[in-house]
Amino acid sequence: MSDLAGYLPEASTMAGRIDALLLALTVVSVLVVGGIMALIAWFAFRYRRGSPAVRGPAPRRSRTLETVWITVPLLVFLIIFVWAAVLYRELRSPPQDALAINVVAKQWMWKVQHPGGQREINELHVPVGRPVKLVMTSQDVIHSFFVPAFRVKQDVLPERYTTLWFEPSRAGEYPLLCAEYCGSGHSRMTGRVVVMAPQAYESWLARNPGAGSLAHQGEEVFRRRGCSGCHGESATVHAPRLAGIYGRRVPLEDGDMVMVDARYIRDSILLPASEVAAGYPPIMPSYQGQLGEEEILALVAYIRSLADQQEDAP
Ligand code: CUA
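Residues numbered from 1 in each chain as written. Predicted model: local features only at pLDDT ≥ 70, side-chain atom pairs only at ≥ 80, totals over all residues. Heavy atoms only, no water.

Student: Provide a residue-level description of the nonpolar core, including the pertinent values.
Tutor: By size, the foremost hydrophobic cluster in this structure holds 32 residues, and its most contacted members are W110, L124, L134, F145 and F150. Ignoring sequence-local partners within four residues, the contact set of F145 consists of V103, W110, L124, L134, M136, V152, K153, Q154, V156, L164, L176 and L177. Counting 28 residues, the second-largest nonpolar core is a separate cluster that includes L242, I245, V250 and I296. (Core = buried A, V, L, I, M, F, W, Y, C linked by side-chain atoms within 4.5 Å. Buried < 20%, exposed > 50% of the residue type's maximum accessible area, 1.4 Å probe, protein only. Contact = heavy atoms within 4.5 Å.)

Student: Can you break down the packing of helix α1 (residues 15-46) against helix α2 (residues 63-92) residue by residue, with the values?
Tutor: A packed helix pair is summarised by two numbers, namely the angle formed by the two axes and the spacing between the axes. Between α1 and α2, whose axes approach to 11 Å, the crossing angle comes to 160°. Looking at the two axes, α1 sits roughly antiparallel to α2. Between α1 and α2 lies a crossing whose hand is left-handed. Between α1, through R17, I18, A20, L21, A24, L25 and V28, and α2, the contact on the second element is made entirely by V76, I80, W83, A84, L87, E90 and L91. Its residues placed into classes, the contact of α1 with α2 shows 12 nonpolar, no polar and two charged. (Axes fitted to C-alpha atoms, helices over the stretch in contact; angles between N-to-C directions. Helix = DSSP H or I, 4+ residues; strand = E, 2+ residues; numbered from the N terminus. Parallel < 35°, antiparallel > 145°, perpendicular 65-115°, else oblique. Left-handed = near helix turned anticlockwise from the far one by under 90°. Nonpolar A, V, L, I, M, F, W, Y, C, P; charged D, E, K, R; others polar.)

Student: An account of the domain arrangement of the protein chain is requested, with residue identities and associated values reported.
Tutor: Taken domain by domain, the protein chain consists of domain 1 (99-207) and domain 2 (214-312). A C-alpha centroid distance of 26 Å is found between domain 1 and domain 2. The partner domain 2 presents 10 residues to the 14 residues of domain 1 that form the contact. Considering only the side of domain 1, the residues that lose the most area to domain 2 are Q113, E159 and Y161, jointly responsible for 45% of the buried surface there. Summed over the shared surface of domain 1 and domain 2, the number is three salt bridges. We note a salt bridge from R266 to E159, for which the minimum N-O separation is 3.4 Å. Elements represented by at least two residues in the side of domain 1 that touches domain 2 include exactly β1 (99-106), β2 (109-113) and β5 (132-138). (Domains from an automatic or database assignment. Buried area = accessible area lost by both parts, 1.4 Å probe. Salt bridge = Lys/Arg side-chain N within 4 Å of Asp/Glu carboxyl O.)

Student: Can you tell me about the sheet that holds strand β8 (residues 162-166), naming the residues and giving the values?
Tutor: With respect to topology, five strands assemble into an open sheet ordered β3-β2-β1-β5-β8, the strand pairing being mixed. This sheet does not close on itself; its edge strands, each paired only once, are β3 (119-121) and β8. Between one strand axis and the next, the sheet turns through 25° on average, direction left out of account. (Pairing = 2+ DSSP bridges.)

Student: Can you break down the packing of aromatic side chains residue by residue, with the values?
Tutor: The way to describe two aromatic rings as a pair is by their centre distance and the angle between their planes. Enumeration over the complete set of coordinates arrives at seven aromatic pairs. With 5.1 Å between their ring centres and 55° between their planes, F222 and Y302 make a pair best called tilted. One end of the pair, F222, is in helix α4 (residues 214-224); the other, Y302, is in helix α7 (residues 293-312), with 80 residues separating them in the sequence. The two residues F222 and Y302 agree in class, both being buried. Among the aromatic residues, those joined into a ring-pair cluster are F150, F166 and Y174. Cation over ring: K153 sits above F146, and NZ or CZ is 4.6 Å from the ring centre. (Phe/Tyr/Trp six-rings, centres within 6.5 Å; stacked < 30°, edge-to-face > 60°. Lys NZ or Arg CZ within 6 Å of the ring centre and 35° of its normal.)

This is the structure in C-alpha cells:
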C-alpha cells in the first residue's frame, strides 16, 4: 500500500501490512454501519404512519436466513482475528539477529545506548534494512515509545524491561513521540529517528565512538562498584561466577529455574533476596538507589559479553 494519502510515510517493513489491516477493518465497519443506517432509513420511510405497506403478522422463521446471518459475520470476524493475531505475533517476536539498542526514558527525554558505546539523547540512528530491537526501561514514570512512520508503539515502564522491534525500510528522518501522559513535559518529550544507508550508519558510528563499547563500560562499572570483589575471577567469596551464565537457565534456592536475561540480572542487582541462586548464601547487598538504569544496562551488556567469550572459547 502507498503512504496514507502522502501524510504518514510507511518507513518499516510492518507499516504497509498494519495499514492494510486497518484499511480492511475500516471498510468492513463502514459496510456494516452503512448497511444498518440505510435499513433504518428505509424502514422509517416505508413503515411511516399512513403508508400503504403491508402490516400483517411477521413472516415465519427462515432457517436459511438465520444460517447466513450467523455464518457470514462469524467468518468475517474470524478472518480479521487470525490476520491480526499473525501480525501481532510477528510484532512481538524480534528476529534473533536484530541489532539490540537500549533506551532509557525519563521525564522528559529519551536516552539511547548503542552496543558500541555510542550515546544519544532524543535521537536514534539506525541502519535501513536491518531489524532493530529496542530494550527499554524508565527511570521514573510510565512513558510510551511511539514512531508513527514505523507503526510501532510500546509502553516503557519503570522497574522492568519492555522490547520493541522494527525493520526500517526507507532512509529518512521520522518523528519519535511519547504516547503516554507522563507529566507537564509530556508533549515536549519528542525526538527523531534517523534511518541511514548502511555505509552512512557505519560512518556515523565511527564518528561518535563514545567511551568504549557498552560491555566495556559495564566492565568498568563492575570494577568501580565492587562487583568484582565477589564475582571476579580471583574472589574468595562464594558467589556465582558470571562467565557463560547469560542466556542459560539456572536453578534457584527455592527449586525453580530461571532464565538469566536482562530482567533477572537487573533484579539480582536491585532485589538480590528475591531469587537467590541455588547453593549460594543470600549475602549479596542490594544496589537499589545506587546504580542508574544506564549503568545496569551496561552491566547486563558486560555479563552478556562474558557469555559470548565463553561460547567462542575452544
Ligand atoms: Cu514520556 Cu509522555
